[in-house]
Each structure stands twice: as structure tokens, then as C-alpha cells.
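Residue-level structural notes
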Amino acid sequence: MGFVETLRWRGMIQDIMPGTEELLKKEKVAAYVGIDPTADSLHIGHLVSIMLLKHLQLHGHKPLIVMGGATSMIGDPSFKSDERKLLTRETIEYNSSCIKKQFSLFLDFDSSDNAAELLNNYDWTKDYTFLNFIRDIGKHISVNYMMAKDSVKKRLETGISFTEFSYQLLQAFDYLHLYQHKNCRLQMGGSDQWGNITTGTELIRRVCGGEAYALTCPLITKSDGGKFGKTESGNIWLDSQKTSAYAFYQFWLNCSDEDAKKFIRIFTLLPQEEIIQLEKEHEQAPHLRILQKTIATELTICVHSLNTYNKVLEATEILFGKSTADALANLSEEMFLSVFEGVPTFNVARSAIENTINIVDLLVEKANVFSSKGELRRLIKEGGLFVNKNKVLEEILVNQDYLLNNKYILIQKGKKNYYVIIVS
RNA sequence: GGGGGGAUACCAGAGUGGUCAAAUGGGGCAGACUGUAAAUCUGUUGGCGAAGCCUUCGGAGGUUCGAAUCCUCCUCCCCCCA
């Protein structure tokens, strides 16, 4: 199956420029996606772009990643309603270096004939003077053309700075540069990038009469309309410092059936037959959540490692399995810590619980697990609070007998939210 | 420059002198059901406490026994006319 065909089957194509498929079948080319280094880690919203490049490389083409060292100094206005905040050079540089490492989890940077390559558009824009740029590049694209893009329309009503308006030209220039220097013939990205990408192909056509292509993937949405990749606590990051491996695994495990069917094709590399087989199995026994588990497993191993995955599984087993309060009490300290790695912790002085303390005072005043006593009392009334896996139905008094390993108290809000109190 | 409308809890949006900690919907949280799903249903959603009290309706003052509600000024937003 060809590259484009593969993507089509996986539901990863929103728009594709005519001729793209033929070109990729005929010859090996380089293709790129741009990444804005706006944070020091990638999050799962970036994953689609990464997978596009992964498939590309698997089909023998050369993946290029372009860090928006220059463009992220400007800010992409596409479909945004507000002016972007400008980042400093130092931040961008630091972020780029962090992101670079994460890419090597997915792409092969060492292969002999189509190694992935990471570039920074700052390198080819930093010495380009303003005069030269508007003379060499700006001359080829009309403002009328730029304003006609859907991506900037929203901002034309409310106002857009010249800085942000010029963004698409800058991105188009990237494409031109890569076309000329890297034999790059294809740019990919999320569907919101279509406007920027086509400005690039247009520029290439006008400057050197070249044919360059565009391919975008659909914006990932959740079946309930919520924003993909966001939870109450924010983004799901690839960096385990920001999102623990446990939380990462849980995120995928908790996908709805409907989303899982979509995600398994997009976010795993499993072959077509296997996915179809898994879908069948899932259909027959949905409660086993085979799809969710497969996605979670594949991604956790890829992003975090097999070893971490095994720990996460263990933790999951203890937190959601049949394990009881007894099992919890019998955990070794080492095991306990590994299970609850990534769970929010709160430190409390030992003196606080030496002479018994009301659970409400402990969790609101001593440890800031809950922000108000009313909230916690409500939770208790509703039967949603657990201490060391035991349901708490009234305002109990806590003392040293509650300590696990003479050091920890496990607090649970509802079924899924855990907090660890460390007494020191 | 003239005229009009508006700003209410996370969001949307009722409320136009006391019965308003403020309808309703969405969202959030929890419970039930289940499969750590979806859908559904229930409860809850300012703070502290047992009753009750305290701080909230853009900001600052004022009228009143009593103001989200009336008056004055200020800030911001929208619309119409010039």
C-alpha cells in the first residue's frame, strides 16, 4: 500500500493537492512538517504530525522537521481570534532542544538513505534583511491573495498586526527554501495549515515554476465534542515530568469506544489486518476495551519505554484491580512509590497527626488536597472520598494508625483521582 | 458629535426595591448503572459553621429600615444616526 493510500485508510487525510499521490509513487521525495517550539515538550496534539512523518519514512521518503525558530517569533494567526504572544529567542532555543529529543522516539535519524532531519527556520531567515525579503519574496504574492485565506479572515474583522499577517509569507518562504535546498516537494500539517501551505506551493510556482504539494490531516476531535488531548489538568504531554507515564497511559485507556476506533488507526502503526482483527474483537467484547488497551500500550512503550509501561500496568492493577485495602497495606515502600509515581503528593508534618486530626482539617488545612471544607464535606456526603481504599462516610479522625509504611496516606477522590499524603 | 443598549457566579443567560447566594441551560465534580466507555438518571456546584453568619451581581460613591434591582460619576463593550 502506498503512502497516501495508507493515510487514506487510516483516516489521516483532510485535504490533498492533486498529483501528490502520483509524485510520491513515482519518486522518493523529502516532505516536511513544521513544529512551533512554544513549549519545552511535545503534547499529544503533535502526535498526528509525527505519525505522518513516521509513515512517510516507512515508505522510503525523507522526513524533515522544521522547528519554527523564526516563525514562532511571529505567531501563526490561523483561525486564532487573538494576537499571539511573542516568545523570546532563548525560550525558543531551549524548547527546540527539548523537542528534538522527543522526535527521536519516533523517527530514524541515522538511516543511510532517508534519515529524518531536524532543521530550524531561524537559520535561513535570520540574515535575510527586511528589504531583501519584501523585494524577493513579497513581490510574488499579492495581499489580495493572502487576505482571501480562510485562516486569516477571522482576524481581518477584529484586527491583525502586520507581523502576524506576514506569517504565511514567512512560512511560504520556508517551503521555498526547502524546495530549493532539500528537494522538499511536500508539506504536511493539520488542516488549519492548509492556507499557509498553499501559499508556499504558490510561491514555489511563481519563483521557480516548481511543482510542490500539500497534504493535511483532519483536526482530531473527540466524539463528545471536547478538545482532543486536553483534560481537566491540561495538556497530555510526552514529557514524563509534565504528564506522568501513568496519566499518559490512563488517558488513552479512557478513550470512548468511538474515539478508540479512530485513534487506533491514527496513533498506532499496527498493520491493517491486525487493526481490523482488533476491531472485530472489540465489537464482540467491548467491555474488554481491547482497542483502548492496545493504543495505550503501543504509545506508552514508544514514548516512555517497556520498563515504564510494566510499572504503569502494575499501578493500574493495584488502583483499579480487585486489590483491597489489605493489599495496599502490604505493599512495600518501594512498590508503593512506584505505583504512585506521578500521583500528586502533599507533605504534612508528622506533628499534625500525632494527636489525631479531623480528616477535613487534614485535607484542607494541612495538605491542600481540597480547596474548601465545603467541597470535601460534600464529597464525603456523596460517598466519593476514600482513605487508604476505604470509603469514608463521615468526618473521621485520623491518627498515626492510618499511615502506610509509617509514612503515607492514600487519598482518593471518586474512582480515578488519587493523592498521596507524605508525613515527614 | 447625537441617540440607544449592555456589563450578573466557570460560560451562556434570567432577575428591575425586600420572599436573591441569585431562575434556567451548558460545563465541572460526585453517586447509581457499566466496561476505569458512551448514553441515561440522581445529587451537587461562593466561604465558614448545627441553626446561622460572612463576602459576592463591571468600579467608586449615594438614596433607603432594606439595593443585583433606584440615583450620580467612572471604566469597558455593542448598535444606530452624523
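If you're wondering where the values come from, they're calculated on a predicted model, not measured in any experiment.

Whenever strands of a sheet pair, they do so through backbone hydrogen bonds, lying parallel or antiparallel. Reading across from one edge, β1-β6-β5-β2-β3-β4 is the order of the six strands in this open sheet, with mixed pairing throughout. Of all the strands in the sheet, just β1 (15-16) and β4 (117-120) have a single pairing partner and so form its edges. Taken together, the five bridges between strand β5 (residues 184-190) and strand β6 (residues 213-217) define a ladder with parallel strand orientation. From the neighbouring strand, Gly-189 faces β6, where its bridge partner is Thr-216. Across the sheet, helix α4 (residues 89-103) lies against β2 (30-35), β3 (62-67) and β4, angled at about 160° from β3, the strand it touches most. Strands β2, β3, β4, β5 and β6 of the sheet are contacted by helix α10 (residues 167-182), whose axis makes an angle of about 145° with β5.

Under the domain assignment used here, chain A contains domain 1 (3-217), domain 2 (230-320) and domain 3 (334-423). Using C-alpha coordinates to define each centre, domain 1 is positioned 48 Å away from domain 3.

All right, on to the protein's contact with RNA strand B then. In the region of RNA strand B, 27 residues are neighbours, and Asn-254, Thr-316, Lys-373, Arg-377 and Arg-378 sit closest. Separating a sugar or linking oxygen of RNA strand B from a side-chain N or O atom of Arg-378 is a distance of 2.9 Å. Side-chain polar atom of Lys-415 to a base oxygen of RNA strand B: 3.0 Å apart, as the coordinates give it. Breaking the surface near RNA strand B down by element, the ones donating at least two residues are α12 (245-253), α16 (306-320) and α21 (373-381).

Taking 1.5 Å as the rise per residue, helix α3 (residues 47-58) with 12 residues should run 16 Å; its terminal C-alpha atoms sit 16 Å apart, in good agreement. For α3, the buried fraction is high: 11 of the 12 residues fall into the buried class. When α3 is considered as a whole, its buried residues turn out to be Leu-47, Val-48, Ser-49, Ile-50, Met-51, Leu-52, Leu-53, Lys-54, His-55, Leu-56 and Gln-57. In the segment just after α3, Gly-60 is the residue with positive phi, at about 90°.

As enumerated under the stated definition, the model contains 13 salt bridges in all. Residue Arg-8 is joined to Glu-21 by a salt bridge in which the shortest nitrogen-to-oxygen separation is 3.1 Å. Of the two residues, Arg-8 is situated in helix α1 (residues 3-9) and Glu-21 in helix α2 (residues 20-26); the sequence distance between them amounts to 13 residues. Look at Arg-8 and you get partly exposed, because its relative accessible area is 44%. Of the residues examined, Glu-21 reaches a relative accessible area of 18% and is grouped as buried.

Turning next to helix α20 (residues 359-366). Each α-helix winds once per 3.6 residues, and so residues spaced three or four apart point in a common direction. Among the residues of α20, Ile-359, Val-360, Leu-362, Leu-363 and Val-364 are the ones counted as buried. Its side-chain oxygen at 2.6 Å from the backbone nitrogen of Val-360, Asn-358 defines the N-terminal cap of α20.

Rules of the game
- Residues numbered from 1 in each chain as written.
- Chains lettered and ligands numbered in written order.
- Predicted model: local features only at pLDDT ≥ 70, side-chain atom pairs only at ≥ 80, totals over all residues.
- Heavy atoms only, no water.
- Pairing = 2+ DSSP bridges.
- Helix = DSSP H or I, 4+ residues; strand = E, 2+ residues; numbered from the N terminus.
- Contact = heavy atoms within 4.5 Å.
- Axes fitted to C-alpha atoms, helices over the stretch in contact; angles between N-to-C directions.
- Domains from an automatic or database assignment.
- Near = heavy atom within 4 Å.
- Polar contact = N/O pair within 3.5 Å; in protein donor to acceptor, adjacent residues only side chain to side chain.
- Expected span 1.5 Å × (residues − 1).
- Buried < 20%, exposed > 50% of the residue type's maximum accessible area, 1.4 Å probe, protein only.
- Salt bridge = Lys/Arg side-chain N within 4 Å of Asp/Glu carboxyl O.

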